[in-house]
Amino acid sequence: MTASRPVRAPAVPPLLEVDDLHVEFRTARGVVRAVNGLSYTLHSGQTLALLGESGSGKSVAAQAVMGLLPFPPARITRGAVRLHGQDLLKLTDAEHRRVRGTRIAMVFQDALSALNPVLTVGAQLAEMFRVHRGAGRKEARARAVELMDRVRIPAAARRVNDYPHQFSGGMRQRVMIAMALALDPEVVIADEPTTALDVTVQAQIMRLLHDLQQETGTGLVLITHDLGVVASVADRITVMYAGRAVEESDADRLYAVPAHPYTRGLLASVPRVDRPGRRLVPVPGSPPDLARLPAGCAFHPRCGAARARCAQERPVLGPVGGREADGSRRSACHFTDELLQGGWGA
């Protein structure tokens, strides 16, 4: 564990607000409910982590915010995505394109696929300024070099002419971050930005994102399944399971005392430097089929402490009681208070 970090006092109103978002896909197998009532808020300068296993709905939710879902088969059936109070889901495609990149941007997890292989990275960065800022060719190229310097790519003036395949994985991810920050957006969504990178490069990328965020005051939504990645950078964490948020908390309290059995299972399955020698315990089973979600709590088939009520009644994401009842933590478990009191063998 890292040292305790002060939680930034949120501004009012929030910078980004996702409210009761529902996304489904119509398939031959039936309706896949990929996001099922997700809500969260993000404030300027804050880092919010969306955490969960693959298939929990994190990336689909991000694509809905960005307006990148394929329609069909995707459908947003309910909810709102407000940026400074403006509902992005009500924008036309043309209006959404003007917002994308200029006010809200995304760092994709697979930089090699996201970048155009037949254009130099400089040309791809320069295009942002030519299309959105009306810059001339020479000015746009100069801005591209500045961006590459900003994300600490060595010899930027020379490498601006290189193609994506000529960069390492870590350097390509820096190019993606440069593209996301090119037009000074208010919100950046980073979708698994350290996937397939070694541990040292992961740390460099996360430090770069943090430093750039401190410079600009940008709000950052960090999507990941890696608890180690978010431990030192997130202010708040929303844990997702089967398309829903099952726990919301500031990062320090979530790591110290998780309030949901799924979160506890995730933490027990990864090594922690603050608990040397502790045996790792994987979460049993697999994530549920989103086209055939179980009744009650979606996690109950994998939960070692599930009871009859868990299979019958879906828990509501609500405030954590007892000593934690300050409104900043929420959990979707019928027995959260018992979990926090150590009644489940904590």
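Residues numbered from 1 in each chain as written. Predicted model: local features only at pLDDT ≥ 70, side-chain atom pairs only at ≥ 80, totals over all residues. Heavy atoms only, no water.

On inspection of all chains with the given rule, the structure shows 19 salt bridges. Ionic pairing is found between glutamate 186 and arginine 103, a salt bridge with its closest N-O pair at 3.1 Å. Of this pair, glutamate 186 sits in the loop between helix 7 (169-181) and strand 7 (187-191) while arginine 103 sits in the loop between helix 2 (93-99) and strand 6 (104-107), placing them 83 residues apart in sequence. Judged by its relative accessible area of 25%, glutamate 186 is partly exposed. Salt bridges here are not isolated pairs; linked through shared partners, they connect Glu17, Asp19 and Arg82. (Salt bridge = Lys/Arg side-chain N within 4 Å of Asp/Glu carboxyl O. Helix = DSSP H or I, 4+ residues; strand = E, 2+ residues; numbered from the N terminus. Buried < 20%, exposed > 50% of the residue type's maximum accessible area, 1.4 Å probe, protein only.)

Right, let's talk about the sheet that holds strand 3 (residues 47-51) for a bit. Taking strand neighbours across the sheet as the criterion, the 8 strands line up as 6-7-8-3-9-10-12-11 in an open arrangement whose pairing is mixed. Of all the strands in the sheet, the pair left with one neighbour each is strand 6 and strand 11 (318-319). With 4 bridges joining them, strand 3 and strand 9 (residues 236-241) adopt parallel strand pairing. Among the inter-strand pairings, leucine 51 is bridged to a residue of strand 9, identified as valine 239. Docked against the sheet, helix 7 engages strand 6 and strand 7, running at close to 175° with respect to strand 6. Its contacts with the sheet put helix 11 (residues 261-268) on strand 9 and strand 10 (244-250), and the angle it makes with strand 9 is roughly 100°. (Pairing = 2+ DSSP bridges. Contact = heavy atoms within 4.5 Å. Axes fitted to C-alpha atoms, helices over the stretch in contact; angles between N-to-C directions.)

In an α-helix there are 3.6 residues to a turn, and that puts residues three or four apart on one side. Where burial is concerned, most of helix 11 is hidden: 6 out of the 8 residues are buried. All of the buried residues in helix 11 are Pro261, Tyr262, Thr263, Gly265, Leu266 and Leu267. For helix 11, the secondary structure elements touched by its buried residues are helix 9 (227-230), strand 9, strand 10, helix 10 (251-256) and helix 13 (336-340).

UniProt tags residues 16-267 as "domain: ABC transporter" (unreviewed entry). The span residues 16-267 is 39% helix and 28% strand, and its two end C-alpha atoms sit 28 Å from each other. (UniProt positions renumbered as here; feature names shortened; annotations may be inferred.)

The next thing to look at is unusual backbone geometry. Of note, the amide linkage connecting phenylalanine 71 to proline 72 takes the cis form, showing an omega dihedral of -15°. Its place among the elements puts proline 72 in the loop between helix 1 (58-66) and strand 4 (74-83). Looking along the chain, the bond that leaves proline 72 and enters proline 73 is cis, with omega of 10°. Within the secondary structure, proline 73 sits in the loop between helix 1 and strand 4. Even without being a glycine, aspartate 20 presents a positive backbone phi close to 55°. Note on placement: aspartate 20 falls in strand 1 (residues 16-27). Positive phi, close to 65°, is recorded for arginine 152, a residue that is not glycine.

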